[in-house]
Amino acid sequence: MPYEPTITSYDYDAILSEGGKLTAKWHRTREILQEFGLLADDLPQPPADVPAFAYGQVIFQQWMSLDSLTLGVKGQQMDDPIQMEYIEVFPAVPVTPLVYNTSAGFQSYGYVLYSVDIPNVNSTIVLGELHDRAQVLLDGVQIKLFDYPESENEEHKFDVKYRPGPNEDDPRRLQILVENMGRANYARKDARVDLDTQWKGMHGQVKINSQPLNNWTAYPLEFGKGAASFLTPAFQPYWKQSLVRQRFPRLMQSTLNVSDDQPRDTYLDLTGWGRGVVFINGFNIGRYWPDAGPQQTLYVPGPVLKKGANSVVVFELEKSLGFATFMDVPQLDKLTSGNSPSPSASPVTTQAPPASTPSSTATGLICSFAAFLLCLAIAF
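Things to note about the nonpolar core
Side chains of nonpolar character tend, in soluble globular proteins, to be buried together. If you look at the biggest cluster of nonpolar residues, it comprises 25 residues, and the most contacted ones within it are Tyr-114, Ile-118, Ile-125, Leu-127, Leu-174, Ile-176 and Trp-216. Elements supplying a minimum of two residues to this core: β6 (111-118), β7 (123-127), β9 (133-138), β11 (156-160), β12 (172-179) and β16 (216-221). Looking at this core, the element that brings in the most residues is β6, giving four residues. If we skip the residues at most four places from it in the chain, Ile-125 touches Ile-118, His-156, Lys-157, Phe-158, Val-160, Leu-174, Val-206, Lys-207 and Ile-208. Within the second largest apolar cluster, 22 residues are counted, among which are Met-252, Val-300, Val-304 and Val-312.

What to know about the sheet that holds strand β17 (residues 250-258)
The strand order across the open sheet formed by five strands is β2-β17-β22-β19-β20, and the pairing between neighbours is antiparallel. Sheet topology places β2 (62-65) and β20 (283-288) at the edges, where each strand pairs with a single neighbour. Taking the axes of each pair of neighbouring strands and ignoring which way they run, one obtains an average angle of 25° across the sheet. In the sheet, β2 pairs with β17 via four bridges, with the strands oriented antiparallel. Within the sheet, the bridge partner assigned to Gln-62 lies in β17 and is Gln-253.

Let's talk about the pairing of β12
Buried residues dominate β12, accounting for seven of its eight residues. Summarising the sheet, β6 and β12 pair through eight bridges and their orientation is antiparallel. Bridge pairing links Leu-113 to Leu-177 in β12. Pairing between β9 and β12: six bridges, direction antiparallel. Bridge pairing in β12 links Gln-135 to Leu-177.

Observations regarding the pattern of salt bridges
Evaluation of the coordinates by the stated rule reveals 15 salt bridges. Note that Glu-85 and Arg-183 form a salt bridge whose closest N and O atoms lie 2.5 Å from each other. Of this pair, Glu-85 sits in the loop between β3 (76-78) and β4 (88-89) while Arg-183 sits in the loop between β12 and β13 (201-203), and the two are 98 residues apart along the sequence. If you follow the salt bridges from partner to partner, you end up with Arg-28, Glu-31 and Glu-35 in one network.

Structural notes on the sheet that holds strand β15 (residues 211-212)
Pairing within the open sheet is antiparallel, and its four strands lie in the order β11-β7-β14-β15. Looking at the sheet topology across the chains shown, the edges are occupied by β11 and β15. Judged from the two bridges that link them, β7 and strand β14 (residues 207-208) form a sheet pairing that is antiparallel. Opposite Val-126, over in β14, you have Lys-207 as the bridge partner.

Thoughts on the packing of aromatic side chains
Tallied over the full model, the rule gives ten aromatic pairs. Summarising the aromatic geometry, the rings of Phe-146 and Phe-158 are spaced 6.4 Å apart at their centres and angled 55° between planes, so their arrangement reads as tilted. With Phe-146 in strand β10 (residues 141-146) and Phe-158 in strand β11, the pair connects residues that are twelve residues apart, well separated along the chain. Note on accessibility: Phe-146 and Phe-158 belong to one class, buried. Here a set of aromatic residues connected by ring pairs shows up, and it is made of Tyr-111, Phe-223, Phe-279 and Phe-315. We note Arg-250 situated over the ring of Trp-63; from NZ or CZ to the ring centre the distance is 3.9 Å. Above the ring of Phe-248, the side-chain terminus of Arg-250 is found at 5.5 Å from the ring centroid.

Re unusual backbone geometry
The amide bond that connects His-131 to the next residue, Asp-132, takes the cis arrangement and shows omega of 15°. Its place among the elements puts Asp-132 in the loop between β8 (129-131) and β9. Its identity is not glycine, yet Asn-209 carries a phi of approximately 50°, on the positive side. Turning to its location among the elements, Asn-209 is positioned in the loop between β14 and β15. Asn-209 gets classed as partly exposed once you look at its relative accessible area, which sits at 38%. In the Ramachandran plot, Asn-281 falls in the positive-phi region, its phi being about 55° despite a non-glycine side chain.

Conventions and cut-offs
- Residues numbered from 1 in each chain as written.
- Predicted model: local features only at pLDDT ≥ 70, side-chain atom pairs only at ≥ 80, totals over all residues.
- Heavy atoms only, no water.
- Core = buried A, V, L, I, M, F, W, Y, C linked by side-chain atoms within 4.5 Å.
- Buried < 20%, exposed > 50% of the residue type's maximum accessible area, 1.4 Å probe, protein only.
- Helix = DSSP H or I, 4+ residues; strand = E, 2+ residues; numbered from the N terminus.
- Contact = heavy atoms within 4.5 Å.
- Pairing = 2+ DSSP bridges.
- Axes fitted to C-alpha atoms, helices over the stretch in contact; angles between N-to-C directions.
- Salt bridge = Lys/Arg side-chain N within 4 Å of Asp/Glu carboxyl O.
- Phe/Tyr/Trp six-rings, centres within 6.5 Å; stacked < 30°, edge-to-face > 60°.
- Lys NZ or Arg CZ within 6 Å of the ring centre and 35° of its normal.

Shown next, in the form of C-alpha cells:
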C-alpha cells in the first residue's frame, strides 16, 4: 500500500521548537498551569532563547563522482541482486581512511548501488522487486527512474539502445542506485503493513532479452558515522573542481567559515536542489526534497559547527543550484512553484501530522496541557 509522507524536520508544532526554543504555546501552557495552581510561585523565569544565526551563502565548487564514491566500500559479488539487509558491510580492502561504512554486519540504511556489465546491443531488461526508489544509470547517465509507489510493482521493464561508435564492441556499465526511503514503525493487518516485510533494495533475478543477467556487484552506501572520511587525504584525489556539465548522483562539497567561539543554531536552505542527504563535519543532518515540500530547510544544531572551517558535503541525486544558504529561520511550510508530487511518492515512514490550523493548534495545546498534567502526576 502507499505510505504517507513524513518530513525530516522534528518541528511538529510542539511547545518547544526543533531547536529547543520556547514557543507561544509553551508560555500559554505555563500560564494555564499557574491558573490551576499547579506551579510553585517561586519558579525562576525561563532562560532567554539564543537566536539562530544566518551564516549566509556557501558555494559548492568540488564534486565527486558516484564511481569514486564506491572506492570507500568493498563490493559484494552475487549472481542475482539481493536485498539490502543481506548485503554485508565491510571496510574496503586494504583498510584505508576511505572507509565510511563503519558498522560491521549487514546494511540497514542508506543506498545500495548495484552494478553489472551488459553487451552493447538493443536490449529489454526486466527487474524484479525494488524498494523504495531506483535510479537506472547507463554508462553514468540516468535513463530511467522507478519512483515510489511504482517501485512496489513486482516487475520493472526498460529498454537499452545499441550505441554505435569506435568502442561499440566494449560492454556497457549498468548501475541501479536504490534508496531506502524509510520503514514503517507500525503494523496494520487491514492495510497489509507488517514490520517483517520492510525489506529494501533489489530482489530477484534480472533478465536481459529474456536471459538471466548475472555477475552483479552491490556497493552498500550506508553513510554512517564514517561519512567524515570523505574529507580525509585519501579521498582528496577524487574531489574534482570543474565547471563541466554535471552528472548526478554525485557528492558535492563546500566550506562554511564560522567566526564565533560558540557557533549558533542555523538552518540550511536547499530550495532549488533536487533530492539527497547532507553531512556537516561528517554529521548527517538529514534528507531533503524541496520540490516535494513543504520543508525547505534542514536544522543545523550549533554544537555540530566549530569555529573556523566547517565541511558541508551533499549527496545529491538529481540536480543542484551550486550554492545553498544558511538562514536564521526555518522554512517548513512552502511549496515551490510548479511542483506537485503526489503524497504517495513522498519519503515513506509514518503518516505526518496535519498542518497547523486554528483548530489543530488548539487541540495541540490541550494535548500539551494534558501531557504536562500527566508528567506532574507521575512526578508526585
